[in-house]
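Summary of the model geometry
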Protein chains: 2
Amino acid sequence: MTRELLVEMVGRGVVTPTGLISQGRGEAYDYLMGERTIAPAEEAERTAAAHLLDARNPVICINGNAAALDAPGLIALAKAVPARIEVNLFHRTPERMEAVISHLESEGAGEVLGREPDERIPGLEHDRALCTREGIWSSDVILVPIEDGDRAEALVAMGKTVISIDLNPLSRTSRAASVPICDEISRATANMLRFVGELRGDGQSIIKAKESFSPAECRRRTVDAICDSLRAGFE
Amino acid sequence: MTRELLVEMVGRGVVTPTGLISQGRGEAYDYLMGERTIAPAEEAERTAAAHLLDARNPVICINGNAAALDAPGLIALAKAVPARIEVNLFHRTPERMEAVISHLESEGAGEVLGREPDERIPGLEHDRALCTREGIWSSDVILVPIEDGDRAEALVAMGKTVISIDLNPLSRTSRAASVPICDEISRATANMLRFVGELRGDGQSIIKAKESFSPAECRRRTVDAICDSLRAGFE
């Protein structure tokens, strides 16, 4: 069903054909984790909720695949935090920007930033660097679902707390992220939404969640879970 | 480069959009194996060469992704063995059959079976069962690169020796196959071609290669290699 949805989204200009290949890579890791939220991912999702609640200017950065896969979850999370939404595409054209932003608006998003970029992310070339001053550029905490490694690293280099959603625990994005969530995007946003509700107003739990989290340890436990799953395939 | 090629092949009708997602899944496993032929894969490739050389009617079964990714390698292997080539598509339409067969012919394939099927693979529904009597149906050894699990199982149930090329060692195809090759298709065909040259005429080595191979052991070693690679990601 997800595959048919994505193929339809290619037809609508929201997803690129290479976005389908990217989806397949994610599916492979999801399969290896048993297509469920594993414990280290849930801890990362709780930590992410704490960062988003505690942020001065939290931003949720959305690309074509993220919009196609989980516009409702991302929009609900943005409203709950609340956080700004900014669209940022790897393969940027005016038509695709419009297709992705329109899709988000049709799914109930309020203001969506990105149509008129007025800043650049340092260290990135061409249109990939484009962003808005009030959104990505000035954000302190940024959620980047299905992001490429270059951009994740560039955002970290700007001093931001970067929360990634990327099923591969060894990807450049996961390695760079302050909070790497290795989970399928819809499960990740549903869990974050729940944790936002649980943590809101509880300053002590928010601080504790932020301080006790280790991204390297989280990724190591994810790798262990994948290996356990692979080996269990023989039992 | 491979990604651009595949996207172009979607435009030509050789690959389907869902074929791009399938490519992504393969890429994830290839990445986990270090994008190289690991030892158990090489052993499977040698065993596969032995089976192909020793067969009465060896057939190489080609679908859209296989044709797009490695028509030259598959054709060279078919000529070397020699083996028949038959096109068999999961999403079969007359236009796609023609696109895939024409692509193979333009890459130098001789006779390509599949345009006029006159038999059915038992246990499969609809057009997916269609095959030719002189090719797939009467084959004793069949190479199925990037095959889906249903068809691989149905071919095994017909009593055939099924050689799969599938990067996921836990997929239904790999589990069903007599000789599961977990390797990228171009590397797999290049290695098989080399082993066909080495083993040709050496009856003793051919028998020994066939008898000493264990598909379960091969897949277990593949899983071990993937886990080693994942854990090495932290060192």
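Right, let's walk through the structure included here. Predicted model, so just to flag it, every value in this text is computed and none were measured. (Residues numbered from 1 in each chain as written. Chains lettered and ligands numbered in written order. Predicted model: local features only at pLDDT ≥ 70, side-chain atom pairs only at ≥ 80, totals over all residues. Heavy atoms only, no water.)

Observations concerning the nonpolar core
Counting 103 residues, the largest nonpolar core has A:Leu104, A:Ile181, A:Met192, B:Leu104, B:Ile181 and B:Met192 as its most contacted members. Look past the residues within four positions of B:Ile181 in its chain and what remains in contact with it is B:Ala44, B:Glu45, B:Ala48, B:Ile163, B:Ser164, B:Ile165, B:Asp166, B:Ala188 and B:Met192. Within the second largest apolar cluster, 28 residues are counted, among which are A:Leu32, A:Ile38, A:Cys227 and B:Leu32. (Core = buried A, V, L, I, M, F, W, Y, C linked by side-chain atoms within 4.5 Å. Buried < 20%, exposed > 50% of the residue type's maximum accessible area, 1.4 Å probe, protein only. Contact = heavy atoms within 4.5 Å.)

Description of the environment of A:Asp140
Residues and elements named next belong to chain A. Mapped onto the elements, Asp140 comes out in the loop between helix H6 (133–137) and strand S6 (141–145). In this structure, the C-alpha to C-alpha distance between Asp140 and Asp127, residues 13 residues apart in sequence, is 22 Å. Excluding residues that lie within four positions of it along the chain, Asp140 makes contacts with Ala55, Arg56, Asn57, Pro58, Lys160 and Thr161. Here Asn57 takes part through its backbone nitrogen, which lies 2.8 Å from a polar atom of the side chain of Asp140. (Helix = DSSP H or I, 4+ residues; strand = E, 2+ residues; numbered from the N terminus. Polar contact = N/O pair within 3.5 Å; in protein donor to acceptor, adjacent residues only side chain to side chain.)

Notes on the interface of chain B and chain A
Think of interface size as the accessible area that goes away when the parts come together; that is how it is often given. Between chain B and chain A, the contact holds 30 residues from the first and 30 residues from the second. When the two sides are added together, the surface that chain B and chain A hide from each other amounts to roughly 2,800 Å², 71% of it contributed by carbon and sulfur. When the buried surface of chain B facing chain A is broken down by residue, B:Ile21, B:Leu230 and B:Phe234 rank first, second and third, together holding 24% of it. At the boundary of chain B with chain A, the tally comes to four salt bridges. One salt bridge in this structure joins B:Arg231 and A:Asp224, with 3.1 Å as the shortest N-O distance. Summed over the shared surface of chain B and chain A, the result is eight residue pairs in polar contact (both at pLDDT 80 or more). Residue assignment for the side of chain B that touches chain A shows that the elements contributing at least two residues are helix H1 (2–11), helix H2 (17–32) and helix H10 (215–232) of chain B. Considering each element in turn, the side of chain B that touches chain A owes the most residues, twelve residues, to H2(B). (Buried area = accessible area lost by both parts, 1.4 Å probe. Salt bridge = Lys/Arg side-chain N within 4 Å of Asp/Glu carboxyl O.)

As for the pattern of salt bridges
Summed over all chains, the structure comprises 40 salt bridges over all chains. Across the salt bridge formed by A:Glu8 and A:Arg12, the nearest N and O atoms sit 3.5 Å from each other. With a closest N to O distance of 2.9 Å, B:Glu27 and B:Arg3 form a salt bridge. Here B:Glu27 is found in helix H2, whereas its partner B:Arg3 is found in helix H1, with 24 residues between them in sequence. We classify B:Glu27 as buried; its relative accessible area is 13%. A residue is classified by how much of its surface remains accessible, and B:Arg3, at 36% relative accessible area, is partly exposed. Connected through shared salt-bridge partners, A:Arg128, A:Asp148, A:Asp150, A:Glu153 and A:Arg172 make up one network.

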